[in-house]
Amino acid sequence: MEAIANVMPEVIETKPAPTYINGSHALMKALLAEGVETIFGYPGGAIMPVYDALYDYQDQLNHILVRHEQGAGHAAEGYARVTGRAGVCLVTSGPGATNLVTAIADALIDSTPLVCIVGQVAKKLLGTDAFQEADVMGVTMPITKWNYQITDANEVPEIISKAFYIAQSGRPGPVLIDITKSAQLELMTKDFVYEKCQTLISYRPRLVPKQEQVEAAAQLINAAKRPYILVGHGVQIAKAEDELKAFAEKTGIPIATTLLGQSTIPTNHPLYVGWLGMHGNYGPNVMTDHADVIIAIGMRFDDRVTGDASKYIKQAKVVHIEIDPAEIDKIIRADVPVVGDAKAALNALLPLVKPNDHTVWRNEFRKYDAVENETITVPELTNTNGKIRMAEVIDMLSTKTKGESILVTDVGQHQMMASRYYQFRRPNSLVTSGGMGTMGFALPAAFGAQVGAPDRQVVAIIGDGCFQMTLQELGTIVQNKQPVKAIILNNNFLGMVRQWQQLFHERRYSFVELQNPDFITIAKGFGMAGQTCTERDNLSDALDTMLNHDGPFLLEVIVEKEENVFPMVPAGASVAQIRLK
Amino acid sequence: MTTYTICIFTENTIGLLNRITIIFTRRRINIESLTVSETERKGISRFTIVIKHESREEVEKLVRQIRKIVEVLAVFGYLNDEIVYNEIALFKISTSLGTKSLDVETINKQYKAWVVYWGLDYVVIEKTGNDTEIFEVFAYLKQYEILEFVRSGRVAVGKTEKGLVEYLPEAEWESYM
Ligand SMILES: Cc1ncc(C[n+]2csc(CCOP(=O)(O)OP(=O)(O)O)c2C)c(N)n1
């Protein structure tokens with residue numbers, strides 16, 4: 001005993017026990033470091049350790065339990081669209097992940113930043129067809145901007161910071177992180193250190209365009225007799241609304257927008273001429289064939305905009321301002337590509353363009369407006385025969401909300417009518433599924449938009465078909481006390497498909513009539529207030545009741561059964577072949 | 001149809017082959033051959049992919065879509081006369097009793113092919129060259145019993161003086177070495 005005591009030093013040096021955290025806690029810390037406030041998710045076996053960690057972070061991270069993973073995805077999209085920040089989804093492996101796939105694809109094509117965190121079976125089970133194992137990496141590879149499988153807890157901080165950087169920079173898009181259950185559970189073997197990713201060796205989006213491209217663009221614009229600005233979603237993504245306005249006002253050039261470009265500029269701005277595409281306005285479509293210089297900003301010449309691309313703007317020189325170089329010359333050849341962020345590009349262009357007003361040219365649009373007004377708009381708004389029309393509902397909503405609402409639409413006739421008749425006043429006010437045209441988008445996306453923009457009025461416009469694809473999210477809305485207003489425009493048909501059948505398939509109405517449930521009873525079942533409006537005379541009161549209701553509200557409006565959306569560029573036709581009836 | 005050789009420099013990560021080939025598949029472009037290996041820089045791989053296509057414009061679009069992949073550092077599309085390229089072929093020829101005896105001299109001198117392995121009753125002949133040269137050797141060797149024949153994908157270097165590697169952002173490569 002004595003001998004041992006003699007050799008013992010007086011002070012025994014001890015190291016503190018390591019306090020390494022597991023992968024799930026690392027994930028929580030990483031999300032907080034990215035400033036994430038809200039997660040849309042749904043638990044399950046392969047993501048349980050993360051949910052367990054989440055329990056400790058409830059006061060810092062607001063997790064919203066949706067009713068279906070597709071709902072989590074669309075809600076995150078709605079959130080991302082109105083905030084400009086990545087929406088975050090958290091789901092389990094296998095069916096949880098595959099349920100999310102539609103929303104991921106939707107986000108990719110509409111350049112919406114998402115960070116989807118998906119559970120995966122333990123590392124040693126990978127590739128064994130284990131319970132709830134699906135090859136989510138393989139499935140999502142073509143529909144993500146980037147995806148990565150974490151199999152080691154130590155990877156968490158670096159990969160999450162990369163995920164947010166990639167999702168939110170350049171042309172935004174969805175990123176998926178597949179994380180094995182073992183990586184969620186195992187301890188990191190080093191301290192948690194989080195560095196925000198700023199740059200990657202192989203991925204470097206060009207923000208500031210090359211000066212020579214800007215100069216060439218300015219030259220073309222200054223020499224143009226009939227210049228025309230086509231604005232896409234990219235302008236709002238770049239938050240370049242003010243720059244666009246300044247550019248257009250200095251040069252006097254008329255602006256049309258794509259579907260997703262709407263609300264970039266107030267609908268009543270004197271330079272705004274309307275929207276483009278299959279169901280866009282008459283003048284803006286026809287006039288693309290008259291312009292001598294097209295300035296396309298943050299748009300990708302979708303086939304719904306160009307119609308037959310081989311006949312599109314053959315007469316015009318094209319300046320294409322775009323952050324994604326792969327979009328240049330993809331559909332339409334650009335005479336002057338300007339690769340960069342819309343805000344940076346417009347700022348660079350602004351001092352180089354000459355003041356102008358182009359009054360004569362601009363007035364040419366008005367002739368077409370008059371025709372459209374007379375043949376379509378006025379009759380749709382004033383014809384008091386028959387049932388309520390979709391146009392009246394949107395028009396009245398627009399007036400009552402002063403164009404200040406965020407409008408979230410589903411897909412179909414009601415989507416096009418909402419776009420036609422809502423008079424947007426503020427940017428980032430139209431949330432719709434453009435590129436994918438995903439039915440079921442609106443209800444969850446409206447919820448997400450409301451979470452992202454709690455101070456704004458959010459109104460969803462939904463078809464009776466679309467509503468039945470994700471109506472379970474009523475439960476999410478009620479549980480989270482979000483004052484979303486939803487309007488079902490009920491025509492008892494899959495209206496847009498019926499319209500095509502009427503026009504192009506000799507009225508052979510093949511499987512488009514719906515036997516609908518009592519929507520208001522369903523809403524009440526979820527604990528949500530609602531009412532149905534069938535008579536024109538009650539519409540105004542019904543809208544007031546909805547808008548003044550404290551909390552979420554479902555308004556069902558029974559509309560004309562066989563109404564069509566015009567103008568219309570038939571699929572595969574050139575924009576000049578736009579039909580008024 | 002014109003033959004294009006597409007050289008892609010990427011980070012060496014799991015799944016990238018899939019991400020790249022999906023881009024071809026989705027556009028219904030058939031891959032004639034594909035070779036991948038790590039370059040002289042650790043962590044950086046080089047893909048050499050050969051395709052045939054009617055439209056140069058479509059190939060340019062394809063190249064831009066490939067460049068969009070986050071882990072891709074650089075992509076180059078070449079016509080045949082812009083590169084030096086080769087493949088390797090191996091022929092396994094039966095030398096068992098009763099088969100025709102091999103004329104090694106002709107194989108060496110005329111076809112620039114070499115016996116690289118002697119088995120008990122077979123030899124392996126290696127031929128390096130472009131596909132035409134390789135199939136000339138094939139035609140010649142058909143008179144013997146060919147037990148196995150295999151051909152690699154194409155490897156290629158650009159004819160520009162500096163070489164493709166110079167186009168990469170070298171300054172940042174240190175962290176990868
Ligand atoms: C998931 C999905 N399935 C099918 C379609 C095809 N589609 C486009 S519009 C539409 C009809 C939508 O009907 P409804 O929601 O009632 O709206 P309406 O056109 O009557 O306004 C359909 C089936 C789609 N866009 N998305």
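Quick caveat, the model's predicted, so the values are computed rather than measured.

Residue and element names in this part refer to chain B. Within this structure, the stated rule accounts for 24 aromatic pairs over all chains. Centroid distance Phe76 to Tyr78: 6.4 Å. Interplanar angle 20°. Geometry classified as stacked. Both residues of the pair, Phe76 and Tyr78, count as buried. Each ring, one from Phe138 and one from Phe149, has its centre 4.9 Å from the other, and the planes form 70°; the classification is edge-to-face. Taken together, the positions of Phe138 in helix 4 (residues 131–141) and Phe149 in strand 8 (residues 146–151) put the pair 11 residues apart, joining distant regions of the chain. Here Phe149 falls in the partly exposed class, since its relative accessible area comes to 28%. One aromatic cluster in this structure is built from Phe91, Phe135, Phe138 and Phe149. The positively charged end of Lys100 is found above the aromatic ring belonging to Tyr144, 5.6 Å away from the centroid.

Turning to the domain arrangement of chain B, a few remarks are in order. Each domain of chain B was delimited in the assignment, giving domain 1 (2–79) and domain 2 (84–155). Centre-to-centre separation of domain 1 of chain B and domain 2 of chain B, based on C-alpha positions: 30 Å.

The subject of this paragraph is helix 2 (residues 56–67) of chain B. Residues and elements named next belong to chain B. Along its 12 residues, helix 2 runs 17 Å from first to last C-alpha, staying within 8% of the 16 Å computed at 1.5 Å per residue. Buried residues of helix 2: Val59, Lys61, Leu62, Val63, Gln65 and Ile66, and no others. In the core, the buried residues of helix 2 are packed alongside strand 1 (2–11), helix 1 (16–26), strand 3 (44–53) and strand 4 (72–79).

What follows covers the site of the ligand. All names here are of chain A. Taken together, 18 residues are adjacent to the ligand, and Gln413, His414, Gly437, Cys466 and Gly495 come closest. Between an oxygen atom of the ligand and a main-chain N or O atom of Gly465, the distance comes to 2.9 Å. Taking Met496, its main chain carries an N or O atom lying 2.9 Å from an oxygen atom of the ligand. Protein chains shield 76% of the accessible area of the ligand, which is 590 Å² for the free molecule. Elements with a contribution of two residues or more to the shell around the ligand: helix 17 (413–421), helix 19 (464–470) and helix 21 (495–504).

Applying the stated criterion to the full structure yields 25 salt bridges over all chains. Taking the shortest distance from any N to any O, the salt bridge between Lys400(A) and Asp544(A) comes out at 3.1 Å. Note that Lys400(A) is positioned in helix 16 (residues 390–400) and Asp544(A) in helix 23 (residues 536–548), a separation of 144 residues in sequence. With relative accessibility at 26%, the residue Lys400(A) sits in the partly exposed group. Notably, a salt bridge pairs Glu58(B) with Lys61(B), separated by 3.4 Å at the nearest N-O pair.

This paragraph deals with the domain arrangement of chain A. Residue and element names in this part refer to chain A. In terms of domain boundaries, chain A breaks down into domain 1 (23–185), domain 2 (211–364) and domain 3 (385–559). Every contact between the two is made by 9 residues of domain 1 and, on the other side, 8 residues of domain 2. Summed over the shared surface of domain 1 and domain 2, the number is 2 salt bridges. Between Arg171 and Glu327 there is a salt bridge; the shortest N-O distance is 2.9 Å. Taken together, domain 1 and domain 2 are joined by 3 residue pairs in polar contact (both at pLDDT 80 or more). Tallied by class, the residues present in the side of domain 1 that touches domain 2 amount to 2 nonpolar, 4 polar and 3 charged.

What counts as what
- Note that residues are indexed from 1 along each chain, following the sequence as it is written.
- Chains and ligands are labelled by the order in which they are written, letters from A for the one and numbers from 1 for the other.
- Only residues with pLDDT of 70 or above have their local features reported here, since the model is predicted, and side-chain atom pairs are shown and tallied only from 80 upward, although totals for entire chains, interfaces and linings are computed over all residues.
- Neither water nor hydrogens contribute to the side-chain values; these are computed over all heavy atoms in the structure.
- We call Phe, Tyr and Trp rings a pair once their centres come within 6.5 Å, taking the six-membered ring for Trp, and we label the pair stacked below 30 degrees between planes, edge-to-face above 60, and tilted otherwise.
- Exposure is judged per residue with a 1.4 Å probe applied to protein chains only, and the accessible area is read against the type maximum: over 50% gives exposed, under 20% gives buried, and values in between give partly exposed.
- Labels follow the DSSP assignment, with helices taken as runs of H or I lasting at least four residues and strands as runs of E lasting at least two, numbered in each case from the N terminus.
- We call a charge positioned above a ring when the Lys NZ or Arg CZ atom is no farther than 6 Å from the ring centre and deviates by at most 35 degrees from the ring normal.
- By convention here, the domain bounds are inherited from an automatic or database domain assignment.
- Multiplying 1.5 Å by the residue count of a helix minus one yields the expected span of that helix.
- Whether two residues touch is decided by their heavy atoms; if any such pair falls within 4.5 Å, the residues are in contact.
- Near is defined per residue: the residue qualifies when any heavy atom it owns lies within 4 Å of the molecule or strand.
- A 3.5 Å cut-off defines polar contacts: any pair of N or O atoms within that distance qualifies, except that in protein one atom must be a possible hydrogen donor and the other a possible acceptor, and neighbouring residues in sequence count only when both atoms are side-chain atoms.
- Throughout, the Shrake-Rupley method with a 1.4 Å probe supplies accessible areas, and for residues the shown protein chains are the sole cover considered.
- Here a salt bridge means any side-chain nitrogen of Lys or Arg lying within 4 Å of a carboxyl oxygen belonging to Asp or Glu.
- The residue classification treats Ala, Val, Leu, Ile, Met, Phe, Trp, Tyr, Cys and Pro as nonpolar and Asp, Glu, Lys and Arg as charged. All others, Gly included, are polar.

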